[in-house]
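# Architecture and fold: a report
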Amino acid sequence: MRSNSISLQVDDLERRFGVVAKQLAQCAEHGEFASIVSRHSEKPSGCPACAEIRQREQDQADQLAVHTKNATAMLQRKLGSAMVPKRFAGKTFGQYSAVLPAQKRNLAKCQSYADNFSEHSQAGRCLLLLGKPGTGKTHLAAAIAWQVMQCTAATAVYRTVGGILQYIKGSYDSSAEYTEAEAFATLVKPSLLIIDEVGATKPTEFEQATLFAIINGRYEELRPTVVISNLMPEELPAVLGERSVDRLREGGGIGLVFDWASARAEVGA
Ligand SMILES: [Zn+2]
């Protein structure tokens, strides 16, 4: 009989900890066990094997909860530092209306870029979204950033050229809380950097040099950059500089042209 091997003795130490008695009990799952009657609890203790299983399940649930919480917090942090403008935040490929063949083609290419981001990332392969305003370039870039941040450990950051210049210049201020090197580092470090509004204003030498420093810094680290511009491909070198364009094209850089009429113009007055 198993009960023979179960001790119902209460020793001195147990007694000091409040154990009054032990009684033989039966667990449907684990058989007989010594149920402890204690001064500290109203009911005699249950099956220790069951308790262990419950504890293990609870630990696993706790771990999963912590993991989920961390993952959510990390995604929130990533989304927060991505600084995608409100208008485009959370934009998905599914929300992009593609009717014309060129729209469908560019949508498919951007979707594929996001789907295969780890491969593009390893090759440092850049993406250029060029052409007419109001054709959804920023929407597609935001959708790439959103998917990449959600589905991989990668980080993505969105900045306009104006925002970048302001940020870099901000480091020259005597009261600045970051150095120029730190400013550049935050733009070189993300797995993906989206630079919007390239060529929106007449470029200065400072602008060209700044953008080259960032694009080249990322090129050297094999980190892809997405460039968005209302210019056509042939206009880009004059504005961005030949050297930057070379870097963007290297490693099989993908250029997509958006040359249909603006959706905003159609909807607008
Ligand atoms: Zn049990």
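It should be emphasised that the depicted structure is a prediction, and the values quoted were computed from it without experimental measurement.

## What about the overall build of the chain?
Each helix and strand in the chain was counted, giving 11 helices and seven strands. Computed over the C-alpha atoms, the radius of gyration of the chain is 31 Å, more than 25% above the 18 Å expected from 2.2 N^0.38 for a compact globule of 269 residues. Dimensions of the chain, computed from C-alpha atoms along their principal axes, come out at roughly 90 × 50 × 40 Å. Nonlocal contacts in the chain, meaning residues at least 24 apart in sequence, comprise 72% of its contacts between residues at least 6 apart.

## Describing the pairing of strand β4 (residues 156–160)
Most of β4 is tucked away: four of the five residues are buried. One ladder, built from five bridges, connects β4 with strand β5 (residues 192–198); its direction is parallel. Across the sheet, Val157 pairs through a bridge with Leu193, a residue of β5.

## Here we look at the packing of helix α2 (residues 48–82) against helix α5 (residues 137–151)
Angle between the axes and distance between the axes are the two parameters that describe a pair of packed helices. With their axes 10 Å apart at the nearest point, α2 and α5 run at an angle of 155 degrees to one another. Taken together, α2 and α5 sit at an angle that is classed as roughly antiparallel. Along this stretch, α2 crosses α5, giving a crossing that reads as right-handed. Mapping the contact onto sequence places Leu75, Lys78, Leu79 and Ala82 in α2 and Ala145, Met149 and Gln150 in α5. Classifying every residue of the contact of α2 with α5 by side-chain character gives five nonpolar, one polar and one charged.

## Brief notes about the nonpolar core
By size, the foremost hydrophobic cluster in this structure holds 45 residues, and its most contacted members are Leu129, Ala141, Ile144, Ala145, Ile194 and Val226. Per-element accounting of this core gives the leading share, nine residues, to α5. In contact with Ala141, not counting residues within four places along its chain, are Leu129, Ile194, Val226 and Ile228.

## Remarks on the environment of Arg39
By the secondary structure assignment, Arg39 is in the loop between β2 (31–38) and α2. A count of 9 C-beta atoms within 10 Å places Arg39 in the exposed class. Between the C-alpha atoms of Arg39 and Ile53, which are 14 residues apart in sequence, the distance is 25 Å. If we ignore the near neighbours within four places in the chain, the residues touching Arg39 are Gly18 and Val20.

## With respect to helix α10 (residues 242–249)
Three or more residues of α10 are buried, namely Ser244, Val245, Arg247 and Leu248. Buried residues along α10 cover an arc of 160 degrees about the axis, so they all sit on one side. For α10, the elements touching its buried residues are β3 (127–131), α8 (205–220), β6 (225–229) and α9 (236–240). A positive backbone phi angle near 70 degrees is found at Gly251, which sits one or two residues after α10.

## What about the domain arrangement of the chain?
Domain assignment breaks the chain into domain 1 (2–46), domain 2 (54–82) and domain 3 (84–267). Centre-to-centre, using C-alpha coordinates, domain 1 lies 38 Å away from domain 2.

## Digging into unusual backbone geometry
One non-glycine residue, Met83, lies in positive phi territory at about 55 degrees. By the secondary structure assignment, Met83 is in the loop between α2 and α3 (101–115). Exposure remark for Met83: the 14 C-beta atoms within 10 Å place this residue in the partly exposed category. Phi angles above zero are rare outside glycine, and Leu222 is one such case at about 55 degrees. With respect to the helices and strands, the residue Leu222 is situated in the loop between α8 and β6.

Conventions and cut-offs
Residues numbered from 1 in each chain as written. Predicted model: local features only at pLDDT ≥ 70, side-chain atom pairs only at ≥ 80, totals over all residues. Helix = DSSP H or I, 4+ residues; strand = E, 2+ residues; numbered from the N terminus. Rg over C-alpha atoms; globule rule 2.2 N^0.38 Å. Contact = placed C-beta atoms within 7 Å. Buried ≥ 20, exposed ≤ 12 C-beta atoms within 10 Å, placed from the backbone. Pairing = 2+ DSSP bridges. Axes fitted to C-alpha atoms, helices over the stretch in contact; angles between N-to-C directions. Parallel < 35°, antiparallel > 145°, perpendicular 65-115°, else oblique. Left-handed = near helix turned anticlockwise from the far one by under 90°. Nonpolar A, V, L, I, M, F, W, Y, C, P; charged D, E, K, R; others polar. Core = buried A, V, L, I, M, F, W, Y, C linked by C-beta atoms within 7 Å. Arc of directions from axis to C-beta. Domains from an automatic or database assignment.

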